[in-house]
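Chain by chain, the residues run as shown.
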Amino acid sequence: MRIAIMGSGGVGGYFGARLVKGGADVHFVARGAHLAAMRERGLAIEGGPAPLHLPKVNVTDDPRTIGPVDMVMFCVKLWDSESAARQLLPIMKPGTGVVSFQNGVQKDDMLRPIFGDEALMGGVAYVGTHIGRPGVIAQTGSVERLVFGEYHGRRSARVEAFYEACEHGGINAEISDDVRRSIWEKYVALVAMSGATTAMRQTIGPIRTNPLTRHFLLDLAREVVAVGRAYGVALPADYAEQRIPFFDGWPPEMTTSMHHDLQQGKRLELRWLSGGVPRCRGRRADADEPRRARHAGALCGGQRGA
């Protein structure tokens, strides 16, 4: 399978490296010092249960040089979405799938006008990684998982082929028959963890062990569940409480990409993570108005025609 990785940071770099190890024809798109290091020394994963070094990888800063691909893993920061997506149009062919492993529930609505409904798939990534230094992806803990699927819920040939490529690379992968719900499940955990770790400038360990901050973490998750359910997403009413073992399962030194960005003085995805919840809430119907909720705009993870 021929795969382009648009954005080769913590998520794209990590899972792309695993796909290469499994034999997939992977082409990374990177920039700056990370690009230069990957050209010179390849790509490495450090930390975690399975360190890896690929001495040579296919990497470029110009997607046009890659040629047509079967699948695009879209992993750029959210503010780069539209400009990065347009750069990929020359490598699209009939049947090419685009699956965004970005954060938030608004991501696919940003991409749909550029790629169209047929190309776009849904997906979420679970992994604790960041660029440790140019050419090196640092992993914290052992959690790594990809969930993806077609918005229509059926198992297409491209979904099956991508799943097989993930299996060969040793990636814990799952095909979702309700990928919109899967995206909101990740969003619940992500808003809670990124909001708490960034606001408190702490890793997850101290937050979950203090009774007050642990309750704050749970309240953040509850608010996202309430908004998602009002939009008709099939989340159980107690889904926030169900996430407690997930929060408790992370290594105590684990933090989030938004907290990493804050520490390094980088731009934050706050607008689409914590900031996305009031945007959705402001447009959602009340729970006793299911018709309005069902026909709410696509802003918060819906799909036209669905």
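These numbers were taken from a predicted model, which means no experiment stands behind them. (Residues numbered from 1 in each chain as written. Predicted model: local features only at pLDDT ≥ 70, side-chain atom pairs only at ≥ 80, totals over all residues. Heavy atoms only, no water.)

### Overview of the pattern of salt bridges
Tallying each qualifying case throughout the model produces 19 salt bridges. Residues D109 and R112 are paired through a salt bridge, measuring 2.9 Å at the closest nitrogen-oxygen approach. Taken together, the residues span about one helical turn, with D109 and R112 both in helix α4 (residues 107–115) at a distance of three residues. Per residue, the accessibility class of D109 equals that of R112, and both read buried. We note a salt bridge from R214 to D248, for which the minimum N-O separation is 2.9 Å. Of this pair, R214 sits in helix α8 (residues 211–230) while D248 sits in helix α10 (residues 244–249); the two residues are 34 residues apart in sequence, bridging distant segments of the chain. Linked by salt bridges that have partners in common, D177, D178, R181 and E185 make up one network. (Salt bridge = Lys/Arg side-chain N within 4 Å of Asp/Glu carboxyl O. Helix = DSSP H or I, 4+ residues; strand = E, 2+ residues; numbered from the N terminus. Buried < 20%, exposed > 50% of the residue type's maximum accessible area, 1.4 Å probe, protein only.)

### Focus on the packing of aromatic side chains
Scanning all chains against the criterion turns up seven aromatic pairs. For the pair F74 and F115, a centre-to-centre distance of 6.4 Å together with 80° between the ring planes defines the contact as edge-to-face. With F74 in strand β6 (residues 71–74) and F115 in helix α4, the pair connects residues that are 41 residues apart, well separated along the chain. The two residues F74 and F115 agree in class, both being buried. Ring pairs connect the aromatic residues Y126, F246, F247 and W250, which therefore count as one cluster. A cation over an aromatic ring shows up here: R112 above the ring of Y151, its NZ or CZ 5.3 Å from the ring centre. The ring of Y126 has K186 sitting right over it, with the charged end atom 5.3 Å from the ring centre. (Phe/Tyr/Trp six-rings, centres within 6.5 Å; stacked < 30°, edge-to-face > 60°. Lys NZ or Arg CZ within 6 Å of the ring centre and 35° of its normal.)

### Some thoughts on the confidence of the model for the protein
Here the protein averages 90 in pLDDT, while 92% of its residues score no lower than 70. Below a pLDDT of 50 lies the segment residues 285–299, which in the model reaches 14 contacts outside its immediate sequence neighbourhood of four places, other chains included. Within the model, the stretch residues 302–306 combines pLDDT values under 50 with eight contacts to residues more than four positions away or in other chains. (pLDDT = per-residue confidence, 0-100. Contact = heavy atoms within 4.5 Å.)

### Some thoughts on the state of the cysteines
The full count for this structure, using the stated rule, is zero disulfides. The thiol of C75 is not disulfide-bonded; the next cysteine sulfur, from C166, is found 11 Å away. (Disulfide = S-S within 2.5 Å.)

### Observations concerning the side chain of R158
Note on placement: R158 falls in helix α5 (residues 157–168). In terms of polar contacts, R158 uses its side chain to reach the backbone carbonyl oxygen of E118, at 2.7 Å. Here the side chain of R158 touches E150 through a polar contact of 2.7 Å, side chain to side chain. If sequence neighbours within four positions are ignored, R158 has contacts with M1, M71, G95, T96, G97, E118, A119, L120, M121 and E150. (Polar contact = N/O pair within 3.5 Å; in protein donor to acceptor, adjacent residues only side chain to side chain.)

### Remarks on the side chain of S182
Secondary-structure assignment places S182 in helix α6 (residues 179–200). Not counting chain neighbours up to four residues away, the residues in contact with S182 comprise V124, Y126, V147 and S176.

### Quick notes on unusual backbone geometry
The phi angle at R201 is positive, at roughly 55°, despite the residue not being glycine. With respect to the helices and strands, R201 occurs in the loop between α6 and α7 (204–209). Taking relative accessible area as the criterion, R201 reaches 54% and is therefore assigned exposed.

### Remarks on the packing of helix α3 (residues 81–88) against α4
Between two packed helices, both the angle of their axes relative to each other and the distance between the axes serve to describe the pair. At a minimum axis distance of 10 Å, the contact between α3 and α4 shows a crossing angle of 30°. Crossing geometry of α3 relative to α4 is assigned as right-handed. On α4, the residues touching S81, E82, A85, R86 and L88 of α3 are M110, L111, I114 and F115. Of the residues assigned to the contact of α3 with α4, the class counts are six nonpolar, one polar and two charged. (Axes fitted to C-alpha atoms, helices over the stretch in contact; angles between N-to-C directions. Left-handed = near helix turned anticlockwise from the far one by under 90°. Nonpolar A, V, L, I, M, F, W, Y, C, P; charged D, E, K, R; others polar.)

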